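One letter stands for each residue in the lines below.
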Amino acid sequence: MPPKPFSLHSILKFRKRKEDLAQDQFLRARLAVEQARDNLETTKQEINSLTTSLEEKQVTGMLVDDLARYEERIQYTQSHIKQLQDTLARKEILAQKKRLHLLEKAKEHKTLTMLKDQQDAAWKEFIEKKEAAILDEIAILHHDRNIN
């Protein structure tokens, strides 16, 4: 009788932990993307309010120093928007990589689960055949004993 094949339970637990870790990393990356997107939208709203405020003050009249401050603030906010757009792009790329990593880990876990199920089914079939052979042998021995 061959020994029971290698048990995949510990490997499956390990792969499941890896999958859970990959899922956690993906969720964190996705949250970082959402936060970066929110920061970008907030900054865009800020620059819109600055330009609206500047236009209103220009109509009513304003000092040159105030105009210079507004212009500097708008330029700073525009450069900040560019930085936020770059950050958002980097975080989206990272989130996509984490997603692909998660898909790979989930696929590995699913493959090993299917292999374990096949292995368990083959082992069960082997045991059932052995039991049937033993029962057949017992029946033959019992039949021979009844004849003699």
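Each remark here, short or long, concerns the structure printed above.
Report follows, based on the coordinates.

Definitions and cut-offs
Residues numbered from 1 in each chain as written. Predicted model: local features only at pLDDT ≥ 70, side-chain atom pairs only at ≥ 80, totals over all residues. Heavy atoms only, no water. Helix = DSSP H or I, 4+ residues; strand = E, 2+ residues; numbered from the N terminus. Buried < 20%, exposed > 50% of the residue type's maximum accessible area, 1.4 Å probe, protein only. Areas by Shrake-Rupley, 256 points an atom, 1.4 Å probe, with all protein chains shown as cover. Lys, Arg positive; Asp, Glu negative; His and termini not counted. Charge placed at Lys NZ, Arg CZ, Asp CG, Glu CD. Core = buried A, V, L, I, M, F, W, Y, C linked by side-chain atoms within 4.5 Å. Contact = heavy atoms within 4.5 Å.

## Remarks on the overall build of the protein
Within the protein, the regular secondary structure consists of two helices and zero strands. Along the three orthogonal principal directions, the C-alpha set of the protein runs to about 125 × 20 × 15 Å. For the protein, buried positions account for 18% of its 148 residues. Accessible area of the protein: about 11,600 Å², with a carbon and sulfur share of 56%. Separation of charge centres in the protein, based on 27 positive and 25 negative side chains, amounts to 5 Å.

## Focus: the nonpolar core
The nonpolar side chains of a soluble globular protein tend to be buried, and buried together. In terms of nonpolar packing, the biggest core is built from 13 residues, with Leu40, Ile74 and Leu88 touching the most fellow members. Counting only elements with at least two residues in this core, the list comes to α1 (9-60) and α2 (64-147). Examining the composition of this core, we find that seven residues originate from one element, α1, more than from any other. Dropping the residues within four chain positions of it, Leu88 is found in contact with Val33, Ala36, Arg37 and Leu40.

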